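An overview of the molecular structure
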Amino acid sequence: MEEVVKSDFSQGSVSRAIMRLAVPMTLARLVNVLYSLISKIYLGRLPGAMHLALSGVGVTLPIIFIIASVASLCSTGGGPLFAIARGKRDDAEAEYIMGNTFMVLLVLGFLVTALVLIFSTPLLFLFGASEDTYPFASEYLTLYSLGSIFVMISMGMNVFINAQGFGRTAMITIIIGAGVNLILEPIFIFPLGMGVRGAALSTVIAQFCSAAWVMWFLIKKAMLRIKLSHMRLLASRVRRILALGMSGFIMSLTSSLSTILANIMLQQHGGDMYIGVMAVLNSLREVAAMPLFGVTGGAGPVISFNYGAGLYDRVRRGIKFQTSLVLSFTAVVSLMILLFPGAIIRIFNSDPYLIAIGIPATRIYFGLFVFMSMQMSAQTVFVGLGMTKYAILFSLLRKAFIVAPLTILLPMTGMGATGVFVAEAVSQFIGGVACFGTMYIVVLKKMRLGSELS
């Protein structure tokens, strides 16, 4: 009975319902981010490799983002539709959405894995690998891609655990992966002498464990479960999942595009060392964005459920609470990074030149980062309410329409590699203000009047 009460987001305090999901998700993100940071510290200190291993793995990030974008296509489409159906008390449709999402995830997952394995070499050189960093990038990506289906199942299906109110269980999914990685990676990298292959292999094993946990829970323990009878694909249902999920897919894909362009321009205007700096900044961004993903991951199902139930006042309260939290958390984390950039960079690599160019790059990159929280909050609302057009528009705006052109143009104006970091900062400000301002006008104002959204 307690599980039923916790999963009914139309009852009790909205903020308490969000925090019940957000706290475990944030803790899980913390563990995962700490693992990611420690992993890069290991790679940055490989004997004889120094920054080359770190830069090599950094080159693989765009491809890893593409793999993650396919998982986002399924999870950001299926998750909110699942929660809205639950809010309407249509549990049968909710289970069909979950089953269809799983099948789509499997089909797309195997397709992406095959494509990455076939085209990995030209892709790595296209995305900024050099003759020196390619061996590290190739070793890492080959092993990682073989286990990418486990990554996608873990990422894509965990949302259905969280959407049922099992925040702690969803947290365990992430902790399992990070925990197994933390144990295996140093063993594989150093005593066994596997280097970056060891980092990739430990990730594959860890994600297999996470995926197995997710599937076991959704088949055996969840209130609404995955069943073979609900995996039969229905074209109209699949279209709804993919249409709404397109925003998450585009956001991840354009992140990959911007990373590709950044690596290319940094290679042209700075070299491998600047790509290493970008790898460090990407890790710091994970830390700064941690509260965003935790809070929005907790708020999303609550907002979707109450929208499905027609409880618009609770939706508005959820949006306001979510926004205040992500703004506060991100401001604090960003301030710490801006105050102590040198000390933070030294955690990853002690090369004096990397630190010298990394300090100003960090201050530029994170100077306007707080506006990212505004976009994340608003984007969560658009996706959570099933507002496909707005969700897709603002997924494209920041990365595709602002970052990508500026990343190419600014270095050519005499700014050099610095222009790549400036492009990111400019996009954070414009994207955040535009997305949140639109959400305020088209969502919050209408919710105040209790009117249905179009």
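1. Side note on the overall build of the protein
Counting its secondary structure elements, the protein contains 16 helices and 0 strands. Since a compact globule built from 454 residues should have a radius of gyration of about 22 Å, the 21 Å found for the protein is in line with a globular shape. Taken along the three principal axes of its C-alpha coordinates, the protein extends 60 × 45 × 35 Å. Taking all 454 residues of the protein together, the buried fraction comes to 60%. Contacts spanning at least 24 positions in sequence make up 83% of the contacts within the protein whose residues lie at least 6 apart. Surface exposure of the protein reaches about 17,200 Å², of which carbon and sulfur atoms provide 70%. Taking the average location of the 32 positive side-chain charges in the protein and that of its 17 negative ones, the two points are 9 Å from each other.

2. Comments concerning the nonpolar core
One recurring pattern in soluble globular proteins is that nonpolar side chains are buried together. By size, the foremost hydrophobic cluster in this structure holds 133 residues, and its most contacted members are Met-157 and Val-443. Per-element accounting of this core gives the leading share, 18 residues, to helix α10 (residues 272-308).

3. Overview of the pattern of salt bridges
This structure, assessed with the given rule, holds 8 salt bridges. One salt bridge connects Arg-240 with Glu-93, and the closest N-O pair in it is separated by 3.3 Å. Within this pair, whereas Arg-240 is found in helix α9 (residues 235-269), its partner Glu-93 is found in helix α4 (residues 91-126), the two being separated by 147 residues in sequence. Looking at Glu-93, the relative accessible area reads 17%, which means it is buried. Among the ionic pairs, Glu-424 bridges to Lys-399, the shortest N-O distance being 3.4 Å. You can see Glu-424 sitting in helix α16 (residues 418-448) and its partner Lys-399 sitting in helix α15 (residues 388-409), a full 25 residues away along the chain.

4. Focus: the packing of aromatic side chains
Within this structure, the stated rule accounts for 13 aromatic pairs. For the ring pair Phe-9 and Phe-305, a centre distance of 5.5 Å and an interplane angle of 80° mean the geometry is edge-to-face. Of this pair, Phe-9 sits in the loop between α1 (2-7) and α2 (14-44) while Phe-305 is found in helix α10, placing the two residues 296 residues apart along the sequence. Of the two residues, Phe-9 and Phe-305, neither departs from the other in class, the shared state being buried.

5. A short note on the side chain of Asn-306
By the element assignment, Asn-306 lies in helix α10. You can call Asn-306 buried: its relative accessible area is 0%. A polar contact is formed between the side chain of Asn-306 and the backbone oxygen of Phe-9, at a distance of 3.1 Å. Dropping the residues within four chain positions of it, Asn-306 is found in contact with Phe-9, Ser-10, Leu-311, Arg-314 and Val-315.

6. A short note on α10
In this model α10 runs 50 Å from its N-terminal to its C-terminal C-alpha over 37 residues, within 8% of the 54 Å that 1.5 Å per residue would give. Where α10 bends most, the angle comes to about 45°, and this point is Ala-289, followed within four residues by the proline Pro-291. Among the 37 residues in α10, 33 count as buried, and that is most of the element. Phi turns positive, to about 75°, at Gly-310, one or two residues after α10.

7. Description of the packing of α10 against helix α11 (residues 312-339)
Two numbers describe how α10 lies on α11: the axes approach to 9 Å, and their chain directions differ by 175°. Judged by the inter-axis angle, α10 sits roughly antiparallel to α11. In this structure, α10 uses Leu-284, Val-287, Ala-288, Pro-291, Leu-292, Val-295, Thr-296, Ala-299, Ile-303, Asn-306 and Tyr-307 to contact α11, whose residues at the interface are Tyr-312, Arg-314, Val-315, Gly-318, Ile-319, Gln-322, Leu-325, Val-326, Phe-329, Thr-330, Val-333 and Ile-337. The residue makeup of the contact of α10 with α11, split by class, is 17 nonpolar, 5 polar and 1 charged.

8. Comments concerning the environment of Lys-446
You can see Lys-446 is positioned in helix α16. The class for Lys-446 is partly exposed, based on a relative accessible area of 31%. Placed 134 residues apart in sequence, Lys-446 and Tyr-312 show a C-alpha to C-alpha distance of 9.2 Å.

9. Details of a nonpolar patch on the surface
Together, Val-332, Leu-335, Met-336, Leu-339 and Phe-340 make up an exposed nonpolar region whose accessible area comes to about 490 Å². Assignment of secondary structure puts Leu-339 in helix α11.

10. As for the packing of α4 against helix α5 (residues 134-146)
Two elements in contact, α4 and α5, have axes whose closest approach is 10 Å; the angle formed by their N-to-C orientations is 170°. Judged by the angle between their axes, α4 and α5 are roughly antiparallel. Residues Thr-113, Val-116, Leu-117, Ser-120, Thr-121, Leu-124 and Phe-125 of α4 pack against Tyr-134, Ala-137, Ser-138, Leu-141, Thr-142, Ser-145 and Leu-146 of α5.

11. Some words on the confidence of the model for the protein
The predicted model of the protein averages 86 in pLDDT, with 94% of residues at 70 or higher. Ranking the helices and strands of the protein by mean pLDDT puts α4 first, with 92, and α1 last, with 52. In this model, residues 1-5 is a region of pLDDT below 50 whose contacts with residues beyond four sequence positions or in other chains number 3 contacts.

Criteria and cut-off values
Residues numbered from 1 in each chain as written. Predicted model: local features only at pLDDT ≥ 70, side-chain atom pairs only at ≥ 80, totals over all residues. Heavy atoms only, no water. Helix = DSSP H or I, 4+ residues; strand = E, 2+ residues; numbered from the N terminus. Rg over C-alpha atoms; globule rule 2.2 N^0.38 Å. Buried < 20%, exposed > 50% of the residue type's maximum accessible area, 1.4 Å probe, protein only. Contact = heavy atoms within 4.5 Å. Areas by Shrake-Rupley, 256 points an atom, 1.4 Å probe, with all protein chains shown as cover. Lys, Arg positive; Asp, Glu negative; His and termini not counted. Charge placed at Lys NZ, Arg CZ, Asp CG, Glu CD. Core = buried A, V, L, I, M, F, W, Y, C linked by side-chain atoms within 4.5 Å. Salt bridge = Lys/Arg side-chain N within 4 Å of Asp/Glu carboxyl O. Phe/Tyr/Trp six-rings, centres within 6.5 Å; stacked < 30°, edge-to-face > 60°. Polar contact = N/O pair within 3.5 Å; in protein donor to acceptor, adjacent residues only side chain to side chain. Expected span 1.5 Å × (residues − 1). Bend = angle between axes of the 7 residues up to and from the residue. Axes fitted to C-alpha atoms, helices over the stretch in contact; angles between N-to-C directions. Parallel < 35°, antiparallel > 145°, perpendicular 65-115°, else oblique. Nonpolar A, V, L, I, M, F, W, Y, C, P; charged D, E, K, R; others polar. Patch = residues over 30% accessible without salt bridge, like charges linked within 9 Å, V, L, I, M, F, W, Y side chains within 5 Å. pLDDT = per-residue confidence, 0-100.

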